[in-house]
Amino acid sequence: MAAQYPVEINHVKARRVVRITWDDGHVGEYALDYLRGFCPCAGCQGHGGDIKFVYVPDAELADIMPVGNYAIMFRWGDGHETGIYTFQYLRSLCPCDECKRQASEHR
Ligand SMILES: [Zn+2]
Ligand SMILES: [Zn+2]
């Protein structure tokens, strides 16, 4: 599968989501709690194999920072900013029905 790149990333504060538009036209909306819970850093994920969801209540997004041309870093309201979300990882997290269906078909 070809790598996809986000062309637009918006923090929609009123709805507490991050809206990502991809270069293939796909649009995904990620709730802040959802994004924070899947923070990929070692502090959140430990050293286990599978990515796990770590619920952080009332996650607030303070900043969105690009990392090179392959990833995005989110800074959270509590100062946590060690999670580097590669584009591929972000796309795999897309919570829309279409992506969830594709993910389950690949299993
Ligand atoms: Zn983390
Ligand atoms: Zn999607």
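Above: the structure in question.
Bear in mind the structure is a predicted one, so any value in this text is a computation, not a measurement.

Chemist: Is there a simple way to explain the overall build of the protein chain in this structure?
Modeler: Helix and strand content of the protein chain: four helices and six strands. Helices and strands in the protein chain line up, N terminus first, as β-β-β-α-α-β-β-β-α-α. Relative to the 2.2 N^0.38 estimate, which gives 13 Å for 107 residues, the radius of gyration of the protein chain is 13 Å and therefore close to what a compact globule would have. For the protein chain, the residues scored as buried account for 16% of the 107 residues in total.

Chemist: Explanation requested: unusual backbone geometry in the structure shown.
Modeler: In terms of backbone geometry, most residues other than glycine have negative phi values and most peptide bonds are trans. One non-glycine residue, R16, lies in positive phi territory at about 55°. Positionally, R16 belongs in the loop between β1 (6-12) and β2 (17-22). For R16, a count of 16 C-beta atoms within 10 Å puts it in the partly exposed group. A positive phi angle, near 50°, is found at D58, a position not held by glycine.

Rules used in this analysis
- Residues numbered from 1 in each chain as written.
- Chains lettered and ligands numbered in written order.
- Predicted model: local features only at pLDDT ≥ 70, side-chain atom pairs only at ≥ 80, totals over all residues.
- Helix = DSSP H or I, 4+ residues; strand = E, 2+ residues; numbered from the N terminus.
- Rg over C-alpha atoms; globule rule 2.2 N^0.38 Å.
- Buried ≥ 20, exposed ≤ 12 C-beta atoms within 10 Å, placed from the backbone.

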